[in-house]
Amino acid sequence: MKFNKILERQIRRKRLSKTQIEDLEDLLQLVSDTYDDFEKDHNMAQRSLEISSKELLNQNRKLVNLNTNLEKLTYAAAHDLKTPLLSIKGYLQIIELKSTFSKEISKYFKYVIEGVERMDSLLTNLQRYTEIDFWKLKPEDVDLNLCLSMSIRQLSDKIDQFNTKIKYDKLPIIKSDKKLLELVFNELIKNSLTFTKPNIPPCIKITAEKINDKYKISFKDNGIGVDIKYKDYIFDQFKRLHSFSEYKGNGLGLAICKKIIKSLKGEIFMDCNYTKGLKIDIILNERINTFSTEKYSL
């Protein structure tokens, strides 16, 4: 701003005394200095913000790389630990068959084998959980009825063991990843088979509903259910609401489902209005078109 022009205009409009002119000059100089200081402070603040943004971006990039490396390490560790673990289980079973033990020693052997099986299940799910981030999506026409049939066949022993009833509507065909959706169906059915009420055979119902260009697939059971305050908690990894002695499980089943559905750009949540057990709703897009460049596979 050229404050001398302002002063000249004031002098032309009205004759000012020398003192008034000096006072006005001082005032305008003060305003000019204040404006210059503000502009300098603003420029410094802007520069500081730009530097902070760059630092934040760099830190975020480092964090992403670190997280990716940790997931790869977890995957490798889980994969490499499974082989010696299965060897331990096999040798224990051979020792048990070829030896005669007292009831007490046999009981201890049983505990050890159960512990190995539990760890094997945990490593399998941990491996699956970490693989999802690197899974290259393979969009194809997926008949969800076939996904469900495959899951039922794979879990047939456990389904028959608990005299389970499974009812389902005709499910849609969507453009998605078959392998991932089969895994989701598996984990949701296993979850319903795990958290059952005492002496009550499990009953699982799967329904489908079209909502615009999306589908809502619902899995509901007659099990123990989940308190509404844990509606988000149950989808976190390694989160358990019960001890292992009460209900077997490793706290990764629903976390795997959440991660898969998120990778498919869908939604998964607990129906808080359902009170006869647990109801999990999945919102799936009619088609997906997101690809990853990594070469991991389930």
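Residues numbered from 1 in each chain as written. Predicted model: local features only at pLDDT ≥ 70, side-chain atom pairs only at ≥ 80, totals over all residues. Heavy atoms only, no water.

J.: Give a detailed account of the nonpolar core, specifying residues and quantitative values.
T.: For soluble globular proteins, the rule of thumb is that nonpolar side chains tend to be buried together. The biggest cluster of nonpolar side chains holds 42 residues, and the ones touching the most others in it are L144 and L284. Within the residue set of this core, elements represented by two or more residues are α3 (103–131), α4 (144–154), α6 (178–194), β4 (203–211), β5 (214–221), α7 (253–263), β6 (267–270) and β7 (279–285). With eight residues, the top contributor of residues to this core is α6. Grouped together as the second largest cluster of nonpolar side chains are six residues, L85, L92, F109 and L123 included. (Core = buried A, V, L, I, M, F, W, Y, C linked by side-chain atoms within 4.5 Å. Buried < 20%, exposed > 50% of the residue type's maximum accessible area, 1.4 Å probe, protein only. Helix = DSSP H or I, 4+ residues; strand = E, 2+ residues; numbered from the N terminus.)

J.: Tell me about the pattern of salt bridges, residues and numbers included.
T.: This model, assessed by the stated rule, comprises six salt bridges. Between E209 and K216 there is a salt bridge; the shortest N-O distance is 3.7 Å. A relative accessible area of 40% places E209 in the partly exposed class. Salt-bridge contacts for K231 lead to D232; the nearest nitrogen and oxygen are separated by 3.3 Å. D232 sits in the exposed class, given a relative accessible area of 52%. (Salt bridge = Lys/Arg side-chain N within 4 Å of Asp/Glu carboxyl O.)

J.: Let's hear about unusual backbone geometry: which residues, and what values?
T.: For N163, which is not glycine, the phi torsion reads 55 degrees and is therefore positive. Locating N163 in the fold gives a position in the loop between α5 (156–161) and β2 (165–168). Positive phi, normally seen in glycine, also occurs at N199, with a value near 65 degrees. In this fold, N199 is placed in the loop between α6 and β4.

J.: Account for the packing of α3 against α7, with residues named and values stated.
T.: Following both chains from N to C, one finds α3 and α7 inclined at 15 degrees, their axes separated by 9 Å at the closest point. Put simply, α3 runs roughly parallel to α7. For α3 against α7, the interelement crossing comes out left-handed. Between α3 and α7, the contacting residues are N125, R128 and Y129 on the first element and G253, A255, I256 and K259 on the second. (Axes fitted to C-alpha atoms, helices over the stretch in contact; angles between N-to-C directions. Parallel < 35°, antiparallel > 145°, perpendicular 65-115°, else oblique. Left-handed = near helix turned anticlockwise from the far one by under 90°. Contact = heavy atoms within 4.5 Å.)

J.: How would you summarise the pairing of β4 if you had to cite specific residues and measurements?
T.: Summarising the sheet, β2 and β4 pair through four bridges and their orientation is parallel. Following the sheet pairing, K165 is matched in β4 by C203. Relative to β5, β4 runs antiparallel, the two sharing eight bridges. Bridging across to β5, K205 finds its partner in K220. (Pairing = 2+ DSSP bridges.)

J.: I'd like a rundown of a nonpolar patch on the surface, residues and numbers included.
T.: Where nonpolar side chains cluster on the molecular surface, the patch consists of Y91, I94 and I95 and spans about 310 Å² of accessible area. As for its position among the elements, Y91 is in helix α2 (residues 18–98). A relative accessible area of 58% means that Y91 is categorised as exposed. (Patch = residues over 30% accessible without salt bridge, like charges linked within 9 Å, V, L, I, M, F, W, Y side chains within 5 Å. Areas by Shrake-Rupley, 256 points an atom, 1.4 Å probe, with all protein chains shown as cover.)

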